[in-house]
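# A closer look at the structure
Here are the chains, one letter per residue:
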Amino acid sequence: MTAYEIVVGMECHVELKTKTKLFCSCAAEFSDDPNRHICPVCLGMPGALPVVNRQAIEYAVKAALALHCQVQLTSRFDRKNYHYPDLPAAYQITQMFYPIAKGGYVDIETSKGCRRIRLNRIHVEADAGKLLHGSSGIGGAGDSLADDNRGSTPLIEIVSEPDIRSAEEARVYGEKLRTILEYAGVSDVKMEQGSMRCDANVSVRPKGDPVLGTRAEVKNVNSFKAVERAVHYEAERQIDLIEEGGVVVQETRGWDDEKGISISMRLKENAHDYRYFPEPDLPPIILDPEQIRAIGLTLPEMPEARKVRMVSELKLSEYDSEQITASRYTADLFDETVTLGAEPKAVANWIMGELMRCARTKGVDLAAIPVKAQNLAALLAHVAEGKINNKQAKEVFEEMFDSGEAPEVIIRKKGMTQVSDAGALEEIVQTVLAGNPKSVEDYKNGRTQAMGFLVGQVMKASKGQANPGVVNQLLTAALEAMK
Ligand SMILES: [Zn+2]
C-alpha cells in the first residue's frame, strides 16, 4: 500500500459589504425583488462606462493588510471572457495579471498543532448574477430566470498556496479566514448565505513525492463542515481511482452535501480559454503608501493579538481565549464586560457556556445577539453580591438573550430574590432534615453524597431562592450536631 499525501489549495470568494456595486451606483442589495438594482453599466451594455467604487478598494486593502499581504501600489482590471446567462456582458471584470495584493498568510491551529498557510494573492472582481431554476415566475416550473441584482457587486478572491495537508486543515483555514475578515469588518462572511464561498483544489500524491498530482476543484460547498467532508471525500475518491489503475483528470466537481458525494460538472478550463485581456474602460488603481498606512490604522486589534493579551494579562487559558476570540462579537463582549469590572474567568465562562448554548439552541447568529456588555456585567455583579443564585442568573440570562433587557428589569419582573438570611433558612433546613431521616442516617454513616440531595430538597422548598452556599453551611452544621 502506498501512503498518500493530500494537497489542498483554497479559493475563497468574499462579498465586500459596500452600499453600492463595484462600478456603478446601483445598490448592492440582492435580497430585493429580481432585477431591481440594475443599470446599463452593471449589465455591461455597449458604451456604458464603469467607475471603480473607492470603498470596495479600501475594503480589499483592509482585508489584505489583515492577512499580512503586500498591497500593490499599482493594480489593474482585466476581462475574463465567457458566456453564461447570469453574465449579460459575456465577460467578468477581474484582476488576472496585476492583483491588488500578493503573498500573506493565515496561521491555523489544528489537532496536529500550529501551521502557517501561505496566500498567493488577493484580487478584486465583480460578481455574476443569479439564476433561479424551476421558478414559479413567468415561465413556471422547468424554466430558469436570471436575476442581475447581484451582478457586478464587489468580491475579493483570496487564493491560498497548496499548503493545506488535510480535510481538517481545510475547514480550520476557512474558519480562521472568516474570523479575520469578520474582525476587519469588510464582509458579512456567511457561508450559508453565500457572502463567503470557498472552493477547494484537491490533489493527492505518494508521500514524499515533490511533484503535485492532478487536481480537481470542488465547488458548491456551503459550510465549513461541508468543506471538511468534501475534501475528505475527494481525496479518498482520487486515491481509490489511482489504486485501481485509473488517472485523475483536471475537472470541476460539485459537492452534494445531502448525498455526501461530489459530481463531475465540467472539465477544468485553463486560463487561456478565457482570453483574458486588460480592461480598456478602467484606469489602473494607483495607491500611495500613506493611503495604505491610513487604512491599516482602521483595523481593530486582531484575534491573534487579542488571544495573546487575554492569556498574558487576563490569565485566561489558551483554550478559553481561542473560543472567545473566534468571533469579534464574543471578543468585544468579553473585553467590554471585563473593562466594566467583571472577573475575566467568570465572563469567559458565561460567554462559552450560556451565551453559546442559547445561540446554538435558538439558532441565533452571534452578530444578532442583543446582550450588551453593561447588562452582562450587571448580571455577574448580582451573582457576586449574592442577590440571585446561579440558577436564577441562568434564567435571567436567557431572557436577556431573547429580549436584550437589563437584568434588573427581569429580576424585578420575575420577583426573584435570593434568601441568604440564615434565620429564614434555618426553619426550612430543620423541616427537610425531619422529612428525610434516611438521608440523615446515610450522612451519619459517612455517605457524604447524601448532602447533595438534602441541599436540593432545601432549594426546592425555598422555590429556588435560597443561597446554596448558606444552605450548605446550615445543613453541615445541623448534621454534625446530630452525630
Ligand atoms: Zn448598475
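Treat the numbers as computed from the prediction; the structure is a model and nothing was measured. (Residues numbered from 1 in each chain as written. Predicted model: local features only at pLDDT ≥ 70, side-chain atom pairs only at ≥ 80, totals over all residues.)

Looking only at helices and strands, the chain has 15 helices and 17 strands in total. Its C-alpha atoms give the chain a radius of gyration of 29 Å, clearly above 23 Å, the size a compact globule of 483 residues would have. Dimensions of the chain, computed from C-alpha atoms along their principal axes, come out at roughly 95 × 60 × 55 Å. By the burial criterion, 38% of the 483 residues in the chain qualify as buried. A separation of at least 24 residues holds for 69% of the contacts in the chain among residues at least 6 apart in sequence. (Helix = DSSP H or I, 4+ residues; strand = E, 2+ residues; numbered from the N terminus. Rg over C-alpha atoms; globule rule 2.2 N^0.38 Å. Buried ≥ 20, exposed ≤ 12 C-beta atoms within 10 Å, placed from the backbone. Contact = placed C-beta atoms within 7 Å.)

For the rest of this paragraph, the subject is the domain arrangement of the chain. Note on interface size: it is often stated as the accessible area lost on association of the parts. Per the domain assignment, the segments making up the chain are domain 1 (4-291), domain 2 (301-414) and domain 3 (422-482). Measuring from the centre of the C-alpha atoms in domain 1 to the corresponding centre in domain 2 gives 35 Å. Contacts between the two partners involve seven residues from domain 1 and, on the opposite side, seven residues from domain 2. If you list the elements that add at least two residues to the side of domain 1 that touches domain 2, you get strand 7 (105-110) and helix 2 (167-184). When residues in the side of domain 1 that touches domain 2 are grouped by element, the largest group, four residues, is from helix 2. Partitioning the side of domain 1 that touches domain 2 into residue classes produces three nonpolar, one polar and three charged. (Domains from an automatic or database assignment. Nonpolar A, V, L, I, M, F, W, Y, C, P; charged D, E, K, R; others polar.)

What follows deals with the packing of helix 9 (residues 373-384) against helix 10 (residues 390-403). Following both chains from N to C, one finds helix 9 and helix 10 inclined at 165 degrees, their axes separated by 10 Å at the closest point. Relative to helix 10, the element helix 9 lies roughly antiparallel. The crossing of helix 9 and helix 10 is right-handed. The residues of helix 10 that touch helix 9, namely those facing N375, L379, H382 and V383, are N390, A393, V396, F397 and M400. Residues that form the contact of helix 9 with helix 10 fall into these classes: six nonpolar, three polar and no charged. (Axes fitted to C-alpha atoms, helices over the stretch in contact; angles between N-to-C directions. Parallel < 35°, antiparallel > 145°, perpendicular 65-115°, else oblique. Left-handed = near helix turned anticlockwise from the far one by under 90°.)

The subject of this paragraph is unusual backbone geometry. Even without glycine at this site, A90 takes up a positive phi of about 65 degrees. Note that A90 resides in the loop between strand 4 (78-81) and strand 5 (91-94). Classification of A90 by C-beta neighbours within 10 Å gives exposed; the count is 11. At R275, a position not held by glycine, the phi torsion is positive, near 45 degrees.

So, on to the sheet that holds strand 5. The three strands lie next to each other as 5-4-16, forming an open sheet whose pairing is antiparallel. With one partner strand each, in any of the chains shown, strand 5 and strand 16 (277-278) form the two edges of the open sheet. Both strand 4 and strand 5 contribute to a ladder of four bridges, which runs antiparallel. Directly across from K80, in strand 5, lies its bridge partner Q92. (Pairing = 2+ DSSP bridges.)

In this section: the pairing of strand 1 (residues 4-15). Summarising the sheet, strand 1 and strand 12 (residues 196-206) pair through 11 bridges and their orientation is antiparallel. Looking at strand 12, one finds that Y4 is bridged to P206. Inspection of the sheet shows strand 1 paired to strand 11 (residues 154-160) by five bridges, in the antiparallel sense. When the sheet's bridge partners are listed, E15 is paired in strand 11 with L155.

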